[in-house]
Amino acid sequence: MKQNTFTIITGASMGIGKAFAFECAEKGRNLLLVALPDSKLEQVQRELESSFSVTVLIFPVDLTAIGSVKSLFQFCLDKKLSVQMLINNAGMGVGGRFENIALEKYLQIMDLNNKAMVLMCHYFLPLLQKESQAYILNMSSMEATLPLPYKAVYTGSKNFVYAFSLALREEQKNGPVSVTVVCPGPVSTNPDSLMRANAHGNRAKWVMASPEKVAKSGLEGLLKGKAVIVPGRVNQVLVRMMKLVPTSLKMNLLERLFRVYSTH
Ligand SMILES: NC(=O)c1ccc[n+]([C@@H]2O[C@H](COP(=O)([O-])OP(=O)(O)OC[C@H]3O[C@@H](n4cnc5c(N)ncnc54)[C@H](OP(=O)(O)O)[C@@H]3O)[C@@H](O)[C@H]2O)c1
């Protein structure tokens, strides 16, 4: 890896983003890590630099703030960084009946999951195109293909990530930038995702993955140029099977399964 060639990972202070940072560092990739200010980013930077011979830069910023992505891009220009890989991982969600959640929360989710991701791709694509081979990974969710009642806005936002990524991939197919979308099932990261998975009791164990497993299969698939990655065999089978079920039946089933979210 050239000294000034970097992988950018958003949401890298914890969860799946942090696992991606370790996975990339292990493969000798220099990193530029992004997360909210006052976060655990500095700690992650220290852990990585003491374990791997890579350069780790951090850029604490709220990606939903106006001008934040532009300032991150300017930081890369000022430091003359080459960007070979962009991992748009930062995202957030909320569960509950649609009308019971504050509109403000929904706007935040769309700003982070969709607007910030589009801004990142738009700013960084020209830099990525300068490389002989480059990669964009966008973090969606299994919920992109299985719309979840009681998580309507999150599900919708991840559907946007999914469709956007496939479309962008096709546009870029004759160039050096390969675009991949990752669709994990539930992942044991923050207390909220654990609580929601636990609400399903034993069933959750079959589909639950660790952040490390998601990062490992995500990076492997990305480097192989895969279009869509669903980490975990059980989840892959579930997604395939559910495609065969008529929509009304599928949605009825999902509503019953996920009714536990309605009061969260
Ligand atoms: N966990 C799951 O079950 C699951 C399943 C499928 C898909 N996903 C997707 O995978 C991605 C990562 O999920 P996760 O569970 O690992 O998340 P997480 O543990 O909640 O971590 C989120 C990361 O994003 C950062 N972040 C949040 N808001 C931000 C903002 N406005 N600007 C910049 N950074 C921000 C956080 O920074 P701070 O540390 O500073 O807060 C943190 O580093 C998300 O896109 C999520 O939708 C998750």
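Residues numbered from 1 in each chain as written. Predicted model: local features only at pLDDT ≥ 70, side-chain atom pairs only at ≥ 80, totals over all residues. Heavy atoms only, no water.

- The name given to the chain in an unreviewed UniProt entry is SDR family NAD(P)-dependent oxidoreductase, with the source organism recorded as Cyclobacterium jeungdonense.

**Remarks on the overall build of the chain**
So, point 1. Summing up its helical and strand segments, the chain has 10 helices and 7 strands in all.
So, point 2. Taken over C-alpha atoms, the radius of gyration comes to 18 Å for the chain, in line with the 18 Å a tight globule of 264 residues would show.
So, point 3. In terms of overall dimensions, the chain has C-alpha extents of about 50 × 40 × 35 Å along its principal axes.
So, point 4. Expressed as a percentage of its 264 residues, the buried residues of the chain come to 50%.
So, point 5. Considering only contacts in the chain between residues 6 or more positions apart, those separated by 24 or more positions represent 72%. (Helix = DSSP H or I, 4+ residues; strand = E, 2+ residues; numbered from the N terminus. Rg over C-alpha atoms; globule rule 2.2 N^0.38 Å. Buried < 20%, exposed > 50% of the residue type's maximum accessible area, 1.4 Å probe, protein only. Contact = heavy atoms within 4.5 Å.)

**Description of the site of the ligand**
So, point 1. Near the ligand there are 30 residues, and of these Ser 13, Asp 62, Asn 89, Tyr 154 and Thr 189 occur at the shortest range.
So, point 2. Between Leu 63 and the ligand, the recorded distance is 2.9 Å, taken from a backbone N or O atom to a nitrogen atom.
So, point 3. The separation between an oxygen atom of the ligand and a polar main-chain atom of Asn 89 is 2.7 Å.
So, point 4. Considering the ligand on its own, with 910 Å² of exposed area, one finds that the protein chains cover 90% of that surface.
So, point 5. Secondary-structure elements contributing two or more residues to the shell around the ligand are helix H1 (15–26) and helix H5 (152–171).
So, point 6. Classifying every residue of the shell around the ligand by side-chain character gives 14 nonpolar, 13 polar and 3 charged. (Near = heavy atom within 4 Å. Polar contact = N/O pair within 3.5 Å; in protein donor to acceptor, adjacent residues only side chain to side chain. Areas by Shrake-Rupley, 256 points an atom, 1.4 Å probe, with all protein chains shown as cover. Nonpolar A, V, L, I, M, F, W, Y, C, P; charged D, E, K, R; others polar.)

**Overview of a nonpolar patch on the surface**
So, point 1. The grouping of Leu 103, Leu 107 and Met 110 at the surface amounts to a nonpolar patch, some 280 Å² of accessible area in total.
So, point 2. Position of Leu 103 among the secondary structure elements: in helix H4 (residues 103–128).
So, point 3. Looking at Leu 103, the relative accessible area reads 60%, which means it is exposed. (Patch = residues over 30% accessible without salt bridge, like charges linked within 9 Å, V, L, I, M, F, W, Y side chains within 5 Å. Salt bridge = Lys/Arg side-chain N within 4 Å of Asp/Glu carboxyl O.)

**Some thoughts on the packing of aromatic side chains**
The geometry of an aromatic ring pair is captured by the separation of the ring centres together with the interplanar angle, meaning the angle of the planes.
So, point 1. Per the counting criterion, the structure on display carries 7 aromatic pairs.
So, point 2. Each ring, one from Phe 98 and one from Tyr 106, has its centre 5.1 Å from the other, and the planes form 10 degrees; the classification is stacked.
So, point 3. These aromatic residues form a ring-pair network of at least three members: Phe 73, Tyr 123 and Phe 124. (Phe/Tyr/Trp six-rings, centres within 6.5 Å; stacked < 30°, edge-to-face > 60°.)

**Focus: unusual backbone geometry**
So, point 1. Phi at Lys 80 is positive, roughly 55 degrees, even though this residue is not glycine.
So, point 2. Its location among the elements puts Lys 80 in the loop between helix H3 (68–78) and strand E4 (82–88).
So, point 3. The backbone of Tyr 150 sits at a positive phi, close to 70 degrees, despite the residue not being glycine.

**Here we look at the environment of Glu 23**
So, point 1. Counting through the fold element by element, Glu 23 comes out in helix H1.
So, point 2. Once the C-alpha coordinates of Glu 23 and Lys 2 are considered, the two residues, 21 residues apart in sequence, prove to be 18 Å apart.

**Quick word on the nonpolar core**
So, point 1. Residues Ile 9, Phe 20, Leu 31, Leu 33 and Leu 48 are the most contacted members of the largest nonpolar core, which totals 31 residues.
So, point 2. Every element with two or more residues in this core is listed here: H1, strand E2 (30–35), helix H2 (41–51), strand E3 (56–60), E4, strand E5 (134–139) and helix H8 (211–223).
So, point 3. Of the residues forming this core, the biggest block, 6 residues, is contributed by H1.
So, point 4. Setting aside anything within four residues of it in sequence, one finds Leu 48 in contact with Ala 21, Phe 22, Ala 25, Leu 31, Leu 33 and Val 56.
So, point 5. The next biggest cluster of nonpolar side chains, apart from the first, holds 30 residues, and it includes Phe 6, Phe 73, Cys 76 and Leu 127. (Core = buried A, V, L, I, M, F, W, Y, C linked by side-chain atoms within 4.5 Å.)

**Side note on the pairing of E3**
So, point 1. Summarising burial for E3: 4 of the 5 residues are buried, a large majority.
So, point 2. Taken together, the 5 bridges between E2 and E3 define a ladder with parallel strand orientation. Counterpart to Leu 33 in the pairing with E3 is Ile 58.
So, point 3. With H2 bridging E2 and its parallel neighbour E3, the resulting β-α-β unit is right-handed. (Pairing = 2+ DSSP bridges. Right-handed = clockwise from strand over helix to strand, strands pointing away.)

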